[in-house]
Amino acid sequence: MDRQPDLHLHSSASDGTLDPEALVALASREGLEMIALTDHDTIAGLAAAAGAARVHGIDFVAGVEISCSWAGVGVHVLGLGIDADCPALTAGLAGLDGRRRARAAAIAARLEKRRIAGALEGVRALAGEAAPTRTHFARWLVAAGLAPTPAAAHKRYLARGRPAHVAGDWTPLAEAIGWIGAAGGVAVLAHPARCPLSARKLRLLVAEFAAAGGGALEVVSGPQPAERTRFLAELATAHRLMGSRGSDFHGPEQRWLAPGRMAALPPTVTPVWGVLGAAGRARRVRV
Ligand code: AMP
Ligand code: MN
Ligand code: MN
Ligand code: MN
């Protein structure tokens, strides 16, 4: 196993199951030397994770995964190397927090129509201070005995076209890239191949992302076929985007995933971590 960075990790500050300290400790046990915490629409876990990373001697990249809407579909943009005190970013995330909480109530109302009661209280309890995501609904449905696994809960209730699906009204793509830029970070299009888009639409999305100031594509997103890695590497190169690498790890219950355990970034791609972490920050200040 190589030790290239893992720049896409979740903690209990959003829909992960490990708190930031435990997540960083696990990444350290996995031998990682650079990680980013990228919780959904929140920076609440960054301070604790940064502190733990100092203790473990890991290079820590402050990150966030911003929910965006593009052409009617949800796409995710990571901000890496962000200044978490940037007012444009924090104001934007506060708006998303409100939308997430309203959407959680709408999802619960849809479940209620199917005679499934108590979901809103349930997901609030699971989420703690975090704004509820569909991940929390999936966990609650499993705990309530209404689905055998979180994946099945999505398939039965929460996914697009299913009875409790509520499409999020998220941030326009260019706006999210603007917040990340204002915060001094690099915008990375997350798991491009998992966006529900045709190949033609995906190319359009990537072109628009690059034109709007996007900096990198997540070329390696968890375990994936080598063919997909090649396709995304070519897409990044064609649009002069750097490449990123992240597991999208949410917790040890995802037995098929672990921080950092996936393919290396192909050598044809410029790694985004060259402009991140301690060395990257120094380089960016000099420019
Ligand atoms: P939300 O942002 O509230 O729409 O929730 C999206 C989150 O749900 C993603 O970040 C994943 O963690 C999780 N998710 C989405 N689809 C699935 C699925 N089919 N199986 C398991 N988790 C999923
Ligand atoms: Mn998630
Ligand atoms: Mn995502
Ligand atoms: Mn993610």
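Overview of the structure. Because the structure is predicted, anything quoted here is derived from the model rather than measured. (Residues numbered from 1 in each chain as written. Chains lettered and ligands numbered in written order. Predicted model: local features only at pLDDT ≥ 70, side-chain atom pairs only at ≥ 80, totals over all residues. Heavy atoms only, no water.)

Here we look at the site of ligand 1
Turning to step 1, where the next piece is worked out: With respect to spatial proximity, the complete set of residues near ligand 1 consists of D15, H40, R100, R103, T133, R134, T135, A151, H154 and H250.
Turning to step 2, where the next piece is worked out: Between ligand 1 and D15, the relevant distance is 3.3 Å, taken from an oxygen atom to a side-chain nitrogen or oxygen of the residue.
Turning to step 3, where the next piece is worked out: Within the contact set of ligand 1, an oxygen atom lies 2.8 Å away from a side-chain nitrogen or oxygen of R100.
Turning to step 4, where the next piece is worked out: Alone, ligand 1 offers 500 Å² of accessible surface; in the complex the protein occludes 70% of this.
Turning to step 5, where the next piece is worked out: In this structure, ligand 1 is accommodated by the largest pocket.
Turning to step 6, where the next piece is worked out: Secondary structure elements with two or more residues in the shell around ligand 1: helix 3 (87-113), helix 5 (134-143) and helix 6 (150-158).
Turning to step 7, where the next piece is worked out: Looking at the shell around ligand 1, its residues break down into one nonpolar, five polar and four charged. (Near = heavy atom within 4 Å. Polar contact = N/O pair within 3.5 Å; in protein donor to acceptor, adjacent residues only side chain to side chain. Areas by Shrake-Rupley, 256 points an atom, 1.4 Å probe, with all protein chains shown as cover. 1 Å grid on protein atoms, 1.4 Å probe; cavity = no way out; pocket = protein on both sides within 12 Å on 5 of 7 lines; lining within 4 Å. Sits in = over half its atoms within 2 Å of the grid points. Helix = DSSP H or I, 4+ residues; strand = E, 2+ residues; numbered from the N terminus. Nonpolar A, V, L, I, M, F, W, Y, C, P; charged D, E, K, R; others polar.)

As for the pattern of salt bridges
Turning to step 1, where the next piece is worked out: Here the structure, examined in full by the defined rule, presents five salt bridges.
Turning to step 2, where the next piece is worked out: Between R101 and D97 there is a salt bridge, and its shortest N-O distance comes to 2.7 Å. With R101 and D97 both in helix 3 and four residues apart, this pair spans about one turn of that helix. (Salt bridge = Lys/Arg side-chain N within 4 Å of Asp/Glu carboxyl O.)

A few points about the coordination of the manganese ion (ligand 2)
Turning to step 1, where the next piece is worked out: Within the first shell, the manganese ion (ligand 2) binds the protein through D15 (OD), H40 (NE2) and H250 (NE2), at distances of 2.1 to 2.2 Å.
Turning to step 2, where the next piece is worked out: Donor residues binding the manganese ion (ligand 2) come from one chain and are separated in sequence as D-x24-H-x209-H.
Turning to step 3, where the next piece is worked out: Distance-wise, the manganese ion (ligand 3) is placed 5.7 Å from the manganese ion (ligand 2). Highlighted residues: D15 in the loop between strand 1 (6-9) and helix 1 (20-29) and H250 in the loop between strand 8 (242-246) and helix 10 (277-286), separated in sequence by 235 residues.
Turning to step 4, where the next piece is worked out: Take D15: its relative accessible area is 2%, and that puts it in the buried class. (Donors = N, O, S within 2.8 Å, 3.2 Å for Na, K, Ca; no water. Buried < 20%, exposed > 50% of the residue type's maximum accessible area, 1.4 Å probe, protein only.)

Shape is all these values report; function is a separate question.
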